[in-house]
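Geometric and topological summary
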Amino acid sequence: MLEVRNITKKFGEVTAVDNLSFNVNKGEVLGIVGQNGAGKSTTFKMIMNFLKPDQGSITVNGHELNEKVLDTIGFLPEERGLYLDMTIKQQVLYFAGLHGYDLKRASADLPLWMDALSVKGNEKTKIKNLSKGNQQKVQLITSLIHRPKLVILDEPFSGLDPVNIELLIETVKKLKKNGTAVIFSSHNMKNVAEVSDKILMIVNGKPRLYGPINEVREKFGKTKIYLEGVFDDLSIGELSGALESSDDYPGKIITFDSEKHAKSAIMYARKFPSLQGYRLLPPTLDDIFRLVIKKEEKVSHG
Amino acid sequence: MGKILSVAKMVFKKRSLSPTYYWMILAPIVVAIIGICFAKYMQHQSTSERPIIAVVADNNIKKALESKKSTSYQVNKKINTNDSKRLKMYLADGVIDGILYVNKDISKITYKYNANSEASLPINALKNDLASLRSQMIAANYGISAREWMNLNKLPTIKRKILNKEASIELNNSETAQNFSEAVVIVAFFFLTSYISITGAELGNEKGNHLIEGVLAAISPKKHFAGKMLGIGFLVILQLLIYSVIAAFSYIILKHTKYHNWFNLTKYLQHIDTTYVLIVTMLTLFSLAAYIFLSACFASFVSRSEDISQATTSVASIMMIPYFLSFLTQNSPNMGIAKALSYLPFMSQGIMPVRLAQGAASYQSGWVSVLISMIGAVIMYFIAEYVYEKNVFSYNSDAPLRVIFNKVLHR
């Protein structure tokens with residue numbers, strides 16, 4: 001569906017996006033993660049044709065970006081903004097009209113969307129009278145009302161409470177089920193892991209990890225160990241490659257930079273009489289994110 | 001076209017349903033009505049405040065002052081006494097507002113008045129009238145009759161003729177045209193100020209409130225800009241329609257009331273030349289378009305909603321130049337700078353109407369100015385569209401003017 005090939009974008013001397021490639025297919029969800037300023041929003045702006053890449057190409061179903069193609073995309077920008085004096089219906093129909101979508105169909109779909117996202121108020125409620133969370137939901141509806149084939153959500157979870165995050169995850173799952181391709185960015189790895197088929201990690205504009213979530217995790221191996229028992233005398237400084245440790249009753253979880261170091265640590269822990277059991281665990285996406293960032297920092301500091 | 005219309009309809013609907021828009025339309029009319037009523041009130045007041053005076057002087061002088069029928073004072077004909085005590089009593093009782101003492105050769109004049117009287121002081125009018133009487137008396141001493149004296153003082157009439165008479169305004173109508181041009185310049189000023197702020201708000205708010213990314217995900221910047229301008233165009237048309245209806249309605253009502261004479265409407269309208277009105281109207285509309293596009297340029301550099309006023313004020317300042325120049329042109333319509341500026345877009349709407357009204361420019365020149373103004377507005381549209389497209393996504397912590405200066409200096 002969406003094919004992004006070797007795109008690069010520079011702003012003066014700063015390279016915001018550096019030789020980035022990825023693709024998203026019909027019914028697939030891609031989660032893009034990265035630190036602030038990593039180049040996620042710039043990538044989205046290039047897909048939306050707000051910015052032209054200096055190099056590379058972006059195609060949707062084999063077509064270069066044009067108005068017709070852009071009408072098949074729904075976009076929720078990172079910066080939220082709505083016409084506060086309009087009613088929910090006026091707002092949503094205006095955006096449907098801008099996408100060239102049939103207004104009767106949009107009118108019929110609106111109550112269903114409001115119901116699905118539990119938007120408080122009715123169609124005639126003015127936006128300014130809605131809470132921030134509900135305004136955010138209305139903005140999501142404006143980006144979905146024209147039934148896009150590809151949906152791009154820039155930080156959709158920011159500012160939402162846990163209940164609304166769950167609603168949004170359900171919505172993304174429904175879109176995926178209906179064959180819509182979804183790309184979203186987030187800092188919350190748990191949400192990315194829950195809803196994404198693929199992950200793309202960008203660090204300083206460069207792609208650092210890309211692929212199906214399970215493959216990415218497997219690639220990193222089992223870098224965590226769980227040691228059951230009391231280990232008051234064990235300091236992680238004694239274990240090579242240990243990054244961090246946390247208590248998890250009735251034991252300890254220690255994260256390493258590689259599976260090799262994790263296995264060595266188990267051998268070392270066997271010497272402790274208090275050891276009652278142990279397990280090798282796969283890293284979470286959070287662990288992977290931190291690992292990649294730390295590696296990048298090591299490289300950049302020579 | 002559908003998307004452009006969607007944006008245009010939204011702009012039109014939002015603004016035309018807002019009470020602010022109607023206040024903007026009606027404010028100049030309300031101001032004009034208040035102005036007319038105030039002028040009439042002042043005129044009425046000055047009539048009622050005309051002092052009634054008693055004249056203590058030679059009979060000839062007394063009669064001459066009575067026959068002047070001055071608007072600044074009224075001679076009480078019934079009081080026919082030189083008794084100082086009685087006159088003072090009349091003055092104290094408010095029967096009269098002042099006593100004028102004049103000696104035989106009008107060399108010694110005194111005006112005694114009651115300080116508590118609400119009537120105005122007619123000193124200047126009395127000074128003029130008595131000076132005229134004195135010169136008449138001196139002339140009589142030299143054997144010049146009253147008729148001869150009047151002939152001596154009569155101002156000569158100068159018939160005005162200009163070379164390109166066929167193509168310019170009828171000079172008999174010149175005064176009417178000048179009044180009309182002054183009114184148009186003032187109304188155009190109101191028009192321009194309002195639409196500059198509407199344009200600034202329409203483009204600047206969406207950018208300042210970060211709405212623009214959501215909107216431009218659905219429509220290209222060029223089409224969005226076109227839609228905004230079209231919507232503002234619809235508002236201008238609605239305003240013209242409302243003004244036309246108000247004008248027609250007022251004319252019909254005034255024609256059938258005693259207030260008709262207040263304005264000398266029929267006489268005034270007879271003197272208005274259609275070609276003149278057409279040129280002035282077209283110049284105003286094209287300059288309005290050019291200023292709207294200029295305002296759009298400035299609004300494209302807005303990064304925060306609170307900066308919109310700075311952007312629009314800058315345009316309004318530029319607009320003040322032709323407004324003030326139009327008043328200067330009234331005295332020197334053929335001044336080099338006035339001539340040049342009367343053909344320059346952004347300036348011509350304030351200056352060419354005045355030059356036409358004075359007969360200093362021909363209708364051909366007027367039409368040339370209209371053509372240049374139209375071309376200027378079209379060019380300005382494309383410049384504004386380009387500037388909007390290039391800057392709609394660029395945000396800057398600096399104020400719009402600084403951003404513009406930086407862009408220009410680093411080009």
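Source: prediction; values computed, not measured.

**Considerations on the overall build of chain B**
Summing up its helical and strand segments, chain B has 17 helices and four strands in all. Scored against the burial criterion, the 411 residues of chain B give a buried share of 34%. For chain B, the share of sequence-separated contacts (at least 6 apart) that also reach a separation of at least 24 residues comes to 76%.

**What about the overall build of chain A?**
Across its full length, chain A carries ten helices and 14 strands. If you line up chain A on its principal axes, its C-alpha atoms span 75 × 45 × 30 Å. Here chain A, with 302 residues, has 37% of them falling under the buried criterion. Taking the intrachain contacts of chain A between residues at least 6 apart in sequence as the baseline, contacts between residues at least 24 apart amount to 68%.

**Details of the pairing of strand S10 (residues 206-212) of chain A**
Residue and element names in this part refer to chain A. Across six bridges, strand S9 (residues 198-203) lies against S10 in antiparallel orientation. Bridge assignment links Ile-202 to a residue of S10, and that residue is Pro-207. Connecting S9 to the antiparallel partner S10 that follows it, the hairpin turn spans two residues, and Asn-204 within it adopts a positive phi of roughly 50 degrees.

**Notes on the sheet that holds strand S3 (residues 98-102) of chain B**
Hydrogen bonding along the main chain pairs the strands of a sheet, whether they run parallel or antiparallel. Residue and element names in this part refer to chain B. Read from one edge of the open sheet, four strands run S2-S1-S3-S4, paired in mixed fashion. The sheet is open, and its two borders are formed by strand S2 (74-75) and strand S4 (109-113), each paired with just one other strand. Bridging between strand S1 (residues 52-56) and S2 involves two bridges; their strand directions are parallel. Each bridged residue has a counterpart across the sheet, and for Ile-53 the counterpart in S2 is Val-75.

**Some thoughts on helix H1 (residues 40-47) of chain A**
All names here are of chain A. Across the eight residues of H1, eight count as buried, placing the element largely inside the fold. Among all positions of H1, only Lys-40, Ser-41, Thr-42, Thr-43, Phe-44, Lys-45, Met-46 and Ile-47 are buried. Of the residues trailing H1, Asn-49 is marked for its positive phi of about 70 degrees.

**What to know about the packing of helix H3 (residues 88-98) of chain A against helix H4 (residues 103-116) of chain A**
Two quantities define a packed helix pair, namely the angle between the helix axes and the distance between the axes. All names here are of chain A. It is the contact of H3 with H4, at a shortest axis distance of 10 Å, that shows an interaxial angle of 140 degrees. The angle between H3 and H4 places the two elements in the oblique class. The two elements H3 and H4 cross, and the hand of that crossing is right-handed. Contacts between H3 and H4 involve Lys-89, Val-92, Leu-93, Ala-96 and Gly-97 from the first element and Leu-103, Ala-106, Ser-107 and Leu-110 from the second.

**Topic: helix H9 (residues 221-255) of chain B**
For H9(B), spanning 35 residues, the distance from its first C-alpha to its last is 51 Å, which sits close to the expected 51 Å at 1.5 Å a residue. Turning to H9(B), its buried residues number three or more, namely Pro221(B), His224(B), Phe225(B), Ala226(B), Gly227(B), Lys228(B), Met229(B), Gly231(B), Ile232(B) and Leu235(B).

Reading the values: rules and limits
Residues numbered from 1 in each chain as written. Chains lettered and ligands numbered in written order. Predicted model: local features only at pLDDT ≥ 70, side-chain atom pairs only at ≥ 80, totals over all residues. Helix = DSSP H or I, 4+ residues; strand = E, 2+ residues; numbered from the N terminus. Buried ≥ 20, exposed ≤ 12 C-beta atoms within 10 Å, placed from the backbone. Contact = placed C-beta atoms within 7 Å. Pairing = 2+ DSSP bridges. Axes fitted to C-alpha atoms, helices over the stretch in contact; angles between N-to-C directions. Parallel < 35°, antiparallel > 145°, perpendicular 65-115°, else oblique. Left-handed = near helix turned anticlockwise from the far one by under 90°. Expected span 1.5 Å × (residues − 1).

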